[in-house]
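Each chain, letter by letter, is given below.
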Amino acid sequence: MRTFARTLLAIVFFAAFGLAVFLLVGIKGKETWATLTAVLAVIAAVISAWPALRVLEIQEDSLRPRPTPYFDLTSRYGLLLLRVKNLGNYILYSLLELANCLYVIRVPIDFPSRESI
């Protein structure tokens, strides 16, 4: 979706720029100047939409769950516990996302089997 929006903005920008160049080269009448003003307004809108799209992407990234493993030395005496804290702003529902996060830092994951429960 991100690349589609950026591609669409780029296409609109270059099409408007090409139309502006075409209007400046051709015969200039009252309608030409009105059309050129509208095309320049479209170019200004695309230029202002580009950073707004980046802000939206940053906000979407901050809303995703971000499980971060860390070692806890304070909750139990004499034990080193591996804890996982969600630093994102959204609830982590899937254990698969947690397993992928722990696999990246090379922590072996042993889920309990039914016999051990």
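Because the structure is a prediction, the values reported are computed rather than measured.

1. Some remarks on the packing of aromatic side chains
The geometry of an aromatic ring pair is captured by two quantities: the separation of the ring centres and the angle between the planes. Taken as a whole and judged by the stated rule, the model has two aromatic pairs. Summarising the aromatic geometry, the rings of F13 and F14 are spaced 5.4 Å apart at their centres and angled 70° between planes, so their arrangement reads as edge-to-face. Taking relative accessible area as the criterion, F13 reaches 23% and is therefore assigned partly exposed. Accessibility expressed as a relative area gives 57% for F14, which makes it exposed. Taken together, the ring pairs in this structure connect F13, F14 and F17 into an aromatic cluster.

2. Focus: the packing of helix α1 (residues 2–25) against helix α2 (residues 30–63)
The interhelical angle for the contact between α1 and α2, taken along N-to-C directions, is 160°, at an axis separation of 9 Å. Comparing their axes, α2 and α1 come out roughly antiparallel. Pair α1 / α2 crosses with left-handed handedness. Along the lines of polarity and charge, the residues of the contact of α1 with α2 split into 21 nonpolar, two polar and six charged.

3. Some words on the pattern of salt bridges
Going through the model one piece at a time under the given rule, you end up with three salt bridges. A salt bridge links R6 to E57, with the shortest nitrogen-to-oxygen separation between them at 3.0 Å. Residue R6 is found in helix α1, and its partner E57 is found in helix α2; the two are separated by 51 residues along the sequence. Classification of E57 by relative accessible area gives buried; the value is 4%. For R54, the salt bridge is made with E57, and the minimal N-O distance between the two is 3.4 Å. Taken together, the positions of R54 and E57, both in helix α2 and three residues apart, correspond to about one turn of that helix. Among the ionic contacts, a cluster of salt bridges with common partners joins R6, R54 and E57.

4. Observations concerning the confidence of the model for the protein
Here the protein averages 79 in pLDDT, while 78% of its residues score no lower than 70. Here helix α3 (residues 95–104) is the element of the protein with the lowest mean pLDDT, 62, and α1 is the one with the highest, 89.

5. Notes on α2
Given a rise of 1.5 Å per residue, 34 residues ought to cover 50 Å, and the 50 Å separating the end C-alpha atoms of α2 matches this to within 8%. Residues T32, L36, V39, I43, V46, L53 and E57 constitute the buried set of α2.

6. As for α1
Spanning 24 residues, α1 covers 35 Å between terminal C-alpha atoms, matching the ideal 34 Å at 1.5 Å per step. Along its buried surface, α1 packs onto α2.

7. Thoughts on a nonpolar patch on the surface
Taken together, F4, L8, V12 and V42 make up a surface patch of nonpolar side chains, about 340 Å² in accessible area. At three residues, α1 tops the list of elements feeding residues into the nonpolar patch. Examined against the element boundaries, F4 turns out to sit in helix α1. Residue F4 is classed as exposed on the basis of its relative accessible area, which comes to 53%.

What counts as what
Residues numbered from 1 in each chain as written. Predicted model: local features only at pLDDT ≥ 70, side-chain atom pairs only at ≥ 80, totals over all residues. Heavy atoms only, no water. Phe/Tyr/Trp six-rings, centres within 6.5 Å; stacked < 30°, edge-to-face > 60°. Buried < 20%, exposed > 50% of the residue type's maximum accessible area, 1.4 Å probe, protein only. Axes fitted to C-alpha atoms, helices over the stretch in contact; angles between N-to-C directions. Helix = DSSP H or I, 4+ residues; strand = E, 2+ residues; numbered from the N terminus. Parallel < 35°, antiparallel > 145°, perpendicular 65-115°, else oblique. Left-handed = near helix turned anticlockwise from the far one by under 90°. Nonpolar A, V, L, I, M, F, W, Y, C, P; charged D, E, K, R; others polar. Salt bridge = Lys/Arg side-chain N within 4 Å of Asp/Glu carboxyl O. pLDDT = per-residue confidence, 0-100. Expected span 1.5 Å × (residues − 1). Contact = heavy atoms within 4.5 Å. Patch = residues over 30% accessible without salt bridge, like charges linked within 9 Å, V, L, I, M, F, W, Y side chains within 5 Å. Areas by Shrake-Rupley, 256 points an atom, 1.4 Å probe, with all protein chains shown as cover.

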